[in-house]
Amino acid sequence: MAVTVADPEPGAPHQPARTRRFLRPGLLRTLVALVSGFAFYLSFAPRPLWWLAPLAFAGFALVLRGRRFRAGFGYGFAFGIVFFLPLLTWLLDFLGPDFGPWPWLGLSFALALYHGLAGGLITLVSRLPAAPLWGALVFVALETPRAWFPFGGFPWGRVAFSQPEGAFLPLASIGGAPLVGLAVVLTGFCFAALAARLREVRKLARPVAFAALGTLLPVVAGLALWPSIGTGPQDGERTVATVQGNAPDIGLALQGERAVLRDNTIAESRRLLAAVRAGQVPAPDLVVWPESATTVTGPDLQVDQLVANFGAPALIGAIYRLPDGHLQNSVIAWDPRTGPGRRYAKQQLVPFGEYVPARKVAELVTPFLDNETVDMVPGDGANQAMAVAGTRVGVFICYETAFDYPARDAVRDGAELLVVPTNNAWYGESEMSVQQLAMSRLRAVEHSRAVVVSAVSGVSAIIAPDGTVTSSTGLFTADSLVGRVPLRTQTTLSDRLGAWTEYGLLALAIAGVAGGLVLRFRTRRSSAGTAGEAAD
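Just so we're clear, the structure is a prediction, and the values are computed from it rather than from any experiment.

Conventions we followed
Residues numbered from 1 in each chain as written. Predicted model: local features only at pLDDT ≥ 70, side-chain atom pairs only at ≥ 80, totals over all residues. Heavy atoms only, no water. Helix = DSSP H or I, 4+ residues; strand = E, 2+ residues; numbered from the N terminus. Buried < 20%, exposed > 50% of the residue type's maximum accessible area, 1.4 Å probe, protein only. Contact = heavy atoms within 4.5 Å. Areas by Shrake-Rupley, 256 points an atom, 1.4 Å probe, with all protein chains shown as cover. Right-handed = clockwise from strand over helix to strand, strands pointing away. Polar contact = N/O pair within 3.5 Å; in protein donor to acceptor, adjacent residues only side chain to side chain. Patch = residues over 30% accessible without salt bridge, like charges linked within 9 Å, V, L, I, M, F, W, Y side chains within 5 Å. Salt bridge = Lys/Arg side-chain N within 4 Å of Asp/Glu carboxyl O.

(A) Inspection of the overall build of the protein chain at higher detail. Looking only at helices and strands, the protein chain features 16 helices and 13 strands. Burial status across the protein chain gives 53% buried among its 536 residues. Counting contacts in the protein chain only where the partners sit at least 6 residues apart, residues at least 24 apart contribute 70% of the total. About 23,800 Å² of surface is accessible on the protein chain, with carbon and sulfur atoms providing 62% of the total.

Put into structure tokens, the structure is as follows:
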């Protein structure tokens, strides 16, 4: 009996069975990549869900399993875009409705390309022995060029910044942010490999043993290091006060409110002084003002008098006018008797906030650039650690918290205490302030130093050397903190290794990718030779 195969409906596209089989797992993999990227975002402050980060990377690794470069790039980009879009929504508050969503979307897209490249390159090392380790090296290594490009680098959203608490944090004292990030990704990748291997009974033994070891070792190592994190004073203690004057506005509109910021900071300083005189809080050995709390163009009798009334030196966050008229975002050591002294100028300026990259191009797309908008001048690193209040205090300002070198240079220059003046009022009540606070907590453990964060509108905080927040303020409120902090002189292994940890991991990642390419080339050549022999 003849069987007639019915023709497809007129106009219906013919879809081969192979394509239909591909679409379903491809869509599932994309969905898992998106869910994993969002889970990675949820691991960041203000949520204390640090353990979500390795689970997110486990999902990402399962998506990449058995894929080639192009598919890996696509899944990596999907993972990255759904991570950066919610992480960076504070850019919308900063730029306001006049700019629209395009800067936020553009930056998120550019950063997601790094994750896309990571996904593609991870597929190249997937056939190497200890593949999860090589994959983790590749992912973390790509955070290094992200600190260089675009616009002088934007390291926001590094893996380590999701770990201001939890099992992985102590590793910062050994290898800084790069080692913490590697431990998180390696744990996730090994967990994924273990789950996959357990389904393939034939491939147990050595690969499973490595996957199990890689899953547990970073966690166990981090937990084992907790007792070694020193918090006690090694050169005495100091009572430090930080003043939060509050801000009236957010975004670029704050640019015209410098006089209000100064008045608010002075008013809160006077309230703090009254509380000190009334015996309600201890007298500080050091007073800290937030970033850009005032503008200094010459003698300032009002600040002189205020610091003299405290009878203690102060670190004054100020926009400092140079003799040639250019401005520098600075912190000035202000003595109660002799007035302003040494000054540290911010080195890592905020693109489009403190300077405009590619200004001629930017002028074509925004009406906000004119002859009155002048780029700030970056500092040269001088006075990173200043002698003040009988000790050496290391200073790095706001955005510099995201970069490894400012705090490290300050500690290497002898800083026994770290101070971070910041102005996050630009970003409203978004998650930006607590994201940055998480970075300062990581820096405390990385360098075994107490950290004092002084913010214009919050969050100000006093952080112990083990990353614990001992006191903090709320957002958009006038407030002050006074706390006793230990002075520490011991340098961590992370300080001694410096950038060698980061560059060492980068070199290993490059070697792994090269090895993966060689292996793939040999495999293809061998397959081609076998096919030729079969044809003969």
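(B) View of the pairing of strand E9 (residues 417-422). Most of E9 is tucked away, with 6 of its 6 residues classed as buried. The alternating pattern of E9 places Leu417, Val419 and Pro421 on one face and Leu418, Val420 and Thr422 on the opposite face, and all of these are buried. Of the crossover connections in this fold, the one passing from strand E8 (residues 391-395) over helix H13 (residues 405-412) to the parallel E9 is right-handed. Note on the crossover from E9 through helix H14 (residues 432-447) to strand E10 (residues 451-455): the handedness is right-handed.

(C) Broad picture of H13. Among all positions in H13, only Pro406, Ala407, Arg408, Ala410 and Val411 are buried. Among the structural elements, strand E7 (385-388), E8, E9, H14 and helix H15 (493-497) are those in contact with the buried residues of H13. Backbone geometry just after H13 places glycine 414 at a positive phi near 105 degrees.

(D) Main features of the side chain of asparagine 423. Looking at the element boundaries, asparagine 423 is found in the loop between E9 and H14. Asparagine 423 sits in the buried class, given a relative accessible area of 2%. Side chain to side chain, asparagine 423 and serine 292 meet in a polar contact 3.3 Å long. A distance of 3.2 Å separates the side chain of asparagine 423 from the backbone nitrogen of alanine 425, its partner in a polar contact.

(E) Region of the structure containing a nonpolar patch on the surface. Together, Leu28, Leu31, Val32 and Val35 make up a nonpolar patch on the protein surface, roughly 350 Å² of accessible area in all. Looking at the element boundaries, valine 32 is found in helix H1 (residues 17-42).

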